[in-house]
Amino acid sequence: MAFELDPNMPSELAPLAWLIGRWEGAGVVGYPTIESHNFGQELEVSHDGRPFLRWESRTWLLDEAGNKVRPGATELGFWRPLPDGEVEFLLTHPTGIVEMYFGSTSPAKIEVRTDSVVRSPHAKEYTAAHRLYGLVNSNLMWVMDMAAVGQPLTSHLSAELKRVG
């Protein structure tokens, strides 16, 4: 699907403009404390004319045939581009966790690490994460490493999404 830049988009969003749109695809979730599974993902990235992007991601676990088994993670957040190729990524989760990432952008690539993680007293123990996003052959590829439940920073998620809108 061709991607066209919105002429009303603030110039500050230029390094992140390739993220804007609706994406769908699948990936793999795993961690030393859980069994690996395939998952599906829907992602919508948008802007309302102000210099930030809105992020909404929904996932669900898939069975071996690719059918939805049950809902997975949900994320709501914002990308905030900064001068000199820096970026902030703020995320909230319905599981009682708020993440603040900081990192850098380069053409069709974003790399961020948690600057802080805030969690409710009832949320799982979660201390840090590292995420990498890239546009590869017109697809959004991403990976996430996580430090949680007594484990060091370890591979947790990866996915490939196609632009659908």
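These remarks concern the structure in this document. (Residues numbered from 1 in each chain as written. Predicted model: local features only at pLDDT ≥ 70, side-chain atom pairs only at ≥ 80, totals over all residues. Heavy atoms only, no water.)

### Some remarks on the packing of aromatic side chains
Then, in step 1: Evaluated as defined, the whole model comprises 10 aromatic pairs.
Then, in step 2: Ring geometry for Phe52 and Phe78: centres 5.6 Å apart, planes at 80°, overall edge-to-face. Taken together, the positions of Phe52 in the loop between strand 2 (34-46) and strand 3 (53-62) and Phe78 in strand 4 (residues 68-81) put the pair 26 residues apart, joining distant regions of the chain.
Then, in step 3: Looking at Phe78, the relative accessible area reads 37%, which means it is partly exposed.
Then, in step 4: A centroid spacing of 5.8 Å and a plane angle of 35° characterise the contact between Phe89 and Tyr101, whose relative ring orientation is tilted. Linking Phe89 in strand 5 (residues 86-93) with Tyr101 in strand 6 (residues 97-106), this pair joins segments that are 12 residues apart in sequence. Each member of the pair, Phe89 as well as Tyr101, is classed as buried. (Phe/Tyr/Trp six-rings, centres within 6.5 Å; stacked < 30°, edge-to-face > 60°. Helix = DSSP H or I, 4+ residues; strand = E, 2+ residues; numbered from the N terminus. Buried < 20%, exposed > 50% of the residue type's maximum accessible area, 1.4 Å probe, protein only.)

### Comments concerning the pairing of strand 5
Then, in step 1: On strand 5, burial follows the alternation: Val87, Phe89, Leu91 and His93 on one face are buried, whereas Glu86, Glu88, Leu90 and Thr92 on the facing-out side are not.
Then, in step 2: Here strand 4 runs beside strand 5; their pairing, made up of 6 bridges, is antiparallel. Paired with Leu76 across the bridge in strand 5 is Thr92.
Then, in step 3: Taken together, the 8 bridges between strand 5 and strand 6 define a ladder with antiparallel strand orientation. Pairing of Leu90 across the sheet is with Met100, part of strand 6.
Then, in step 4: Hairpin connection between strand 5 and strand 6: a loop of 3 residues separates the two successive antiparallel strands, and Gly96 in this loop has a positive phi of roughly 90°. (Pairing = 2+ DSSP bridges.)

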